[in-house]
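An overview of the molecular structure
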Amino acid sequence: RLSPQAALPLPPALYGPTRPNSRGVDLTVQTERAPLLQAHAECVVPTVAETALSALPEAFARAAQAGRAWRDTPVAERATVLRRAADALEADTARLCALLVKEAFKTWGDAVAEVREAVDFLRYYAGEAQRLMAPIALPVRPDGVHEGSEGQGEAGFGDARQALLGVTGERNTLRLTARGVWVCISPWNFPLAIFTGQVAAALATGNTVLAKPAEQTPAIAHEAVRLLHAAGVPEDALQLFHGPGETVGAALVAWPGVAGVVFTGSTAVAKHIQRALAAKEGPIVPLIAETGGINAMLVDSTALPEQVADAVVQSAFRSAGQRCSALRLLCVHEAIADGVIEMVAGAARELVVGDPSQLSTDLGPVIDREAFESLQRHLQRLERSARDHLPPLPAAPPAMPADLAPVLAHLQAPRLFEVASIAEVRQEIFGPVLQVVRWRGDPEAVIDQINALGYGLTLGLQTRIDGRAEALAARAHVGNVYVNRNIIGAVVGLQPFGGEGLSGTGPKAGGPFYLQRFCAEQTVTVNTAAAGGNVALLAG
Ligand code: UN1
């Protein structure tokens, strides 16, 4: 059971001090309910107008212009601005949570965790930028071989002269620099955390940003941008675009001056962006894409069924299954399959599906009608072809406030279907729908079948056999492996997150290699002999 009491207490802040909010509540230890409910009562989701495409040329010009000063701002100063923004978000947790509940239908537990993640991204990337962007002094070549690189150690023409002068050598420096204007396209399922993470990474490294949040969740992005501007990010360095991906997103990507694109969303859209970038005239533009997954959990016969059931329920049904990391495919050894399936179904039945603004709710509605209808199509197919372990209960007459009725029409209770083989599971179903398959024999063969699905985001392993988890993890083509626990909720800096194959390009968000991809690299090689020699000669 996902109790809200269990979800609300948070671990201490990882990156930097945390302050009590304006009401004196230490948000990192225990988020009190009263401020959340008060903020919810006061929260009105503003309507946000679509950006006119005619605004694009000027926006790009301003972003490029602002980029010169932002890139030249010392990295420590940019980091200070981002840390100030982190403090501001943290202080505003209750209001941001209320907006997440109202606009994105997050449960309170998910909303609090999401604000925490956005704050962590800001602080983590601030520190990472300072670490990475300090120039790196590379080894000096004392032998003065610098003209013509053919032939290891072969002396160039200048070397004899330098040797005569008695001064040889060169100094090498490597540094990372900003690339320019980045387009950041973020999803509705983490409309604050992923939005803030993308933007923070680009800004920390001295780039400027045109950001397009998902159409379903513009208001929370608007709030984040307001706080970032107030913290000192120049307005032209971070500009917001609203509207559909097909028009506004496509126009941003197609713009000739784009230095890079960072995208989180579906595999199909990531490929579309990749094609659009490749078709443009001019430079080769990098794409950082984080997409979906058919994430599996392999459970062997030694696993603890209670632990498995808890991990499965969290991973498959929390956030109504609307996470790219969520569990889609449970592969359970036949010896314990009946017990595990029964426990999972029983625990899933206990989950409270309903109005997300109620503290007792475990699953709110899915994001919109389109998502709900797509789920129904998948469910109809599964009802025909698979064994249903969690059929819907007869519907009780819904007692819902009239203003919530349209939203609560998109409530989806957890479902659990047993399929005959892993190969049958071909599509990611973005909702609280879990498929289960029984296996026997060699677990490595199961991993091979999971690999063959082509995705590679998260994987769960449940086993008590020494060394087995390590061996299976090494065989699996996935970005994040979780052993004997749930497979969602990667923590910034502790569990760098991202996949391979159909699941994305890497690098991993919240990890030590992420910021590099936002940068160009420059090596500067200075012939110290020439300068020193000439000066010596002239002086002589
Ligand atoms: C996504 O759902 O788009 O680990 C990615 C997690 C989250 C997943 C974010 N960081 O559950």
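Cut-off values and rules
Residues numbered from 1 in each chain as written. Predicted model: local features only at pLDDT ≥ 70, side-chain atom pairs only at ≥ 80, totals over all residues. Heavy atoms only, no water. UniProt positions renumbered as here; feature names shortened; annotations may be inferred. 1 Å grid on protein atoms, 1.4 Å probe; cavity = no way out; pocket = protein on both sides within 12 Å on 5 of 7 lines; lining within 4 Å. Points joined across faces, edges and corners; volume = space filled by probe spheres on them. Nonpolar A, V, L, I, M, F, W, Y, C, P; charged D, E, K, R; others polar. Near = heavy atom within 4 Å. Polar contact = N/O pair within 3.5 Å; in protein donor to acceptor, adjacent residues only side chain to side chain. Areas by Shrake-Rupley, 256 points an atom, 1.4 Å probe, with all protein chains shown as cover. Disulfide = S-S within 2.5 Å. Core = buried A, V, L, I, M, F, W, Y, C linked by side-chain atoms within 4.5 Å. Buried < 20%, exposed > 50% of the residue type's maximum accessible area, 1.4 Å probe, protein only. Helix = DSSP H or I, 4+ residues; strand = E, 2+ residues; numbered from the N terminus. Contact = heavy atoms within 4.5 Å. Pairing = 2+ DSSP bridges. Right-handed = clockwise from strand over helix to strand, strands pointing away. Phe/Tyr/Trp six-rings, centres within 6.5 Å; stacked < 30°, edge-to-face > 60°.

- As annotated in an unreviewed UniProt entry, the chain carries the name Bifunctional protein PutA and is attributed to Hylemonella gracilis ATCC 19624.
- UniProt's Function (unreviewed entry) comment on the chain is quoted here verbatim: "Oxidizes proline to glutamate for use as a carbon and nitrogen source."
- The UniProt entry for the chain carries the following text under Cofactor (unreviewed entry): "FAD".

**Concerning empty space enclosed by the protein**
- Considering all chains together, one arrives at 4 cavities of 30 Å³ or more under this definition.
- By volume, the largest cavity amounts to about 150 Å³.
- Lining the largest cavity we find 16 residues, and of these Ala104, Phe105, Lys106, Ser319 and Gln322 sit closest to its centre.
- The class makeup of the residues in the lining of the largest cavity is 8 nonpolar, 5 polar and 3 charged.

**Concerning the site of the ligand**
- Neighbouring the ligand are 13 residues, the closest being Arg323, Cys324, Ser325, Gly489 and Ala490.
- The contact in question runs from an oxygen atom of the ligand to an N or O atom on the side chain of Asn189, over 3.0 Å.
- The separation between an oxygen atom of the ligand and a polar main-chain atom of Gly489 is 2.8 Å.
- Summarising the interface, the protein chains cover 96% of the accessible area of the ligand, which totals 320 Å² for the free molecule.
- When the residues that make up the shell around the ligand are grouped by side-chain class, the tally is 6 nonpolar, 4 polar and 3 charged.

**Here's the deal with the state of the cysteines**
- As enumerated under the stated definition, the model contains 0 disulfides in all.
- Looking at the unpaired Cys97, the closest cysteine sulfur is the one in Cys43, lying at 11 Å.
- In this model Cys519 remains outside any disulfide bridge; the closest cysteine sulfur is found in Cys184, 13 Å from its own.

**Notes on the nonpolar core**
- Among the nonpolar cores identified, the biggest contains 71 residues, and Leu330 and Cys331 are the most heavily contacted of them.
- With 8 residues, the single largest contributor to this core is helix α13 (residues 334-350).
- With residues up to four places along the chain from it excluded, the contact list for Cys331 reads Ala296, Met297, Leu298, Val299, Ile422, Val437, Trp439, Val446 and Ile450.
- With 65 residues, the next largest nonpolar core counts Trp108, Val115, Val119 and Phe195 among its residues.

**A few points about the pairing of strand β7 (residues 287-290)**
- Where burial is concerned, the two faces of β7 agree: the one with Leu287 and Ala289 and the one with Ile288 and Glu290 are both buried.
- Bridge count between strand β6 (residues 258-264) and β7: 4 bridges; the pairing is parallel. Within the sheet, the bridge partner assigned to Val261 lies in β7 and is Leu287.
- The parallel pair β6 and β7 is bridged by helix α11 (residues 267-279), and the resulting crossover is right-handed.

**Describing the packing of aromatic side chains**
- Inspection of every chain in the model, using the stated rule, returns 7 aromatic pairs.
- Judged by centre distance (5.4 Å) and plane angle (20 degrees), the rings of Tyr125 and Tyr514 are stacked. Residue Tyr125 is located in helix α6 (residues 108-132), and its partner Tyr514 is located in the loop between β14 (480-483) and β15 (519-527); the two are separated by 389 residues in the primary sequence. Here Tyr125 and Tyr514 have matching classes, each one buried.

**Description of the side chain of Gln462**
- As for its placement among the helices and strands, Gln462 is situated in strand β13 (residues 458-462).
- In this structure the side chain of Gln462 is engaged in a polar contact, spanning 2.8 Å, whose partner is the side chain of Gln307.
- Ignoring sequence-local partners within four residues, the contact set of Gln462 consists of Met297, Leu298, Val299, Asp300, Ala303, Gln307, Val308, Ala311, Asn484 and Arg485.

**Some points on unusual backbone geometry**
- Cis peptide bonds are those with omega within 30 degrees of zero, and the linkage from Gly506 to Pro507 qualifies with -10 degrees.
- Here Pro507 shows up in the loop between β14 and β15.
- One non-glycine residue, Ser319, adopts positive backbone phi at about 60 degrees.
- Relative to the elements of secondary structure, Ser319 occurs in the loop between α12 (305-317) and β9 (327-333).
- You can call Ser319 buried: its relative accessible area is 14%.
- The backbone of Ala320 shows a phi angle near 50 degrees, a positive value even though the residue is not glycine.
- Positionally, Ala320 belongs in the loop between α12 and β9.
- For Ala320, a relative accessible area of 2% puts it in the buried group.

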